[in-house]
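The chain contents come next:
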Amino acid sequence: MKRISLYSVLFFLTLSPCAATSRADDPVIKKAERKFARSFVNQDLSGKPFIKQNLDNSDFENANLTETDFDGSSLKNCNFRGATMKKTNFKRTDLTGSDFQEGTFDFPSFYMAVLNKVNFEELDLSTLQLNEIKMRGANLRNVKGVQNIYKSDFFEADLRGADFSKAVDFDPASFRKARYDQFTRWHEGFDPKARGAVYEETKDEPAKPKDKPKTDDAAMEADFAKLDGNSDGILSGKEMASCKDRDANKDGEVTLAEFLSRK
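Residues numbered from 1 in each chain as written. Predicted model: local features only at pLDDT ≥ 70, side-chain atom pairs only at ≥ 80, totals over all residues. Heavy atoms only, no water.

## Structural notes on the overall build of the protein
To keep things clear, this is the line we draw: Runs of E in the DSSP output that reach at least two residues are strands. Runs of H or I that reach at least four are helices, and both are numbered from the N terminus. Only protein chains enter the calculation, and the probe is 1.4 Å; a residue is then buried if its accessible area is under 20% of its type maximum, exposed if over 50%, and partly exposed in between. Accessible surface area values rest on a Shrake-Rupley calculation with a 1.4 Å probe, where residue burial reflects the displayed protein chains alone.
Scanning the protein for helices and strands turns up 5 helices and 10 strands. The buried share of the protein, taken over its 263 residues, is 36%. In the form shown here, the protein has an accessible surface area of approximately 16,600 Å², with 51% of it arising from carbon and sulfur atoms.

## Observations concerning the environment of Arg38
Basically, it comes down to this: Here, two residues are considered to be in contact whenever any of their heavy atoms come within 4.5 Å of each other.
Positionally, Arg38 belongs in strand S1 (residues 38-39). Placed 17 residues apart in sequence, Arg38 and Leu55 show a C-alpha to C-alpha distance of 7.7 Å. Apart from residues lying up to four places away in sequence, Arg38 is in contact with Asn54, Leu55, Asp56, Asn57, Ser58 and Asp59.

## Let's talk about the side chain of Ser58
Within the secondary structure, Ser58 sits in strand S2 (residues 58-59). Judged by its relative accessible area of 0%, Ser58 falls in the buried class.

## Remarks on the nonpolar core
Basically, it comes down to this: Note on terminology: a nonpolar core comprises buried Ala, Val, Leu, Ile, Met, Phe, Trp, Tyr and Cys residues joined through side-chain atoms within 4.5 Å.
If you look at the biggest cluster of nonpolar residues, it comprises 46 residues, and the most contacted ones within it are Phe60, Phe100, Phe120 and Phe175. Contact partners of Phe60, with chain neighbours within four places excluded, come to Phe40, Leu45, Leu55, Leu65, Phe70, Leu75, Cys78, Asn79, Phe80 and Ala83. In this structure, Met220, Met240, Cys243 and Leu260 belong to the second largest nonpolar core, which totals 8 residues.

## Quick word on the side chain of Asn79
In plain terms, the rule: Here a polar contact means two N or O atoms within 3.5 Å. Within protein one must be a hydrogen donor candidate and the other an acceptor candidate, and residues neighboring in sequence count only if both atoms are side-chain atoms.
With respect to the element layout, Asn79 can be found in the loop between S2 and strand S3 (84-86). A distance of 2.9 Å separates a polar atom in the side chain of Asn79 from a polar atom in the side chain of Asp59. Aside from chain neighbours lying at most four places away, what touches Asn79 is Phe36, Ser58, Asp59, Phe60, Glu61 and Asp99.

## Some words on the environment of Lys35
Within the element layout of this structure, Lys35 appears in the loop between helix H3 (27-30) and S1. Overall, Lys35 belongs to the exposed group, its relative accessible area being 75%. Expressed as a C-alpha distance, the spacing of Lys35 and Ser58, which sit 23 residues apart in the sequence, is 9.1 Å.

## Examining the packing of aromatic side chains
Selection criterion: Aromatic pairs are defined between Phe, Tyr and Trp rings, using the six-membered ring for Trp, whenever the two ring centres lie within 6.5 Å; interplanar angles under 30 degrees are classed as stacked, those over 60 as edge-to-face, and all others as tilted.
This model, assessed by the stated rule, comprises 26 aromatic pairs. Relative to Phe70, the ring of Phe60 has its centre 5.6 Å away and its plane inclined at 80°; by these criteria the two rings are edge-to-face. Here Phe60 is found in the loop between S2 and S3, whereas its partner Phe70 is found in the loop between S2 and S3, with 10 residues between them in sequence. What makes Phe70 buried here is its relative accessible area of 0%.

## Brief notes about the environment of Asn116
Tracing the backbone through its elements, the reader meets Asn116 in the loop between strand S4 (104-106) and strand S5 (163-164). Along the chain, Asn116 and Arg136 lie 20 residues apart, while their C-alpha atoms are 4.5 Å from each other. The residues contacting Asn116, other than those within four sequence positions of it, are Leu95, Thr96, Gly97, Lys134, Met135 and Arg136.

## Re unusual backbone geometry
For Asn57, which is not glycine, the phi torsion reads 60° and is therefore positive. In this fold, Asn57 is placed in the loop between S1 and S2. By relative accessible area, Asn57 is classed as partly exposed at 23%. One non-glycine residue, Phe107, lies in the positive phi region at around 55°.

Quick look at the structure:
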């Protein structure tokens, strides 16, 4: 019988469907975070000039963008989740595919910007002037406070649950193939079907169960578990650096009972 070399076995396993499946199901791979070209996470960029720069695929999560100037820049596929955008200048920028969820708008300027496929879901847009804006394929589900939409393009945008009741549409904006549902609110006299929008009823989704609030003990047990790096049920050495005062019997260890006794 011919001997099968170790290299042959490894080569077979690499090509094996089972091996491929196990890699795909690896929770570490599933949790792999998106990689950005640049990171400005949590940074204070207030007043900084980024004029006519290529900042595609940048991460601005939770950044302070107060009066930051992005005039004429390319900001495609960026992450602005949780960012503070007070008087931020986005004039003439290309923000295609960027995510603004959980961000705070305080009179930023988007004049003549490209906002195709952006994610504005559930945001308050009451301080925005959406004049001459391209919002093709944008996610505007459940947004509120939409006001001026002069010459803007909402082609194929998702407007389900959006509040357009106070919108001012001086020069007809385009709503061709935009989706709306029974929860979308329009300004008085507006006929979405006549303007090319498509009705799509939204079925009521079952209410998500609310997380039960943790008791004090449960919260402290969770804190104890985080400190207990080797999961042996006892804090010792570096693990107890932040809670040495809870070592009641002074034996150099902190048990769960000792940890809970000092609330």
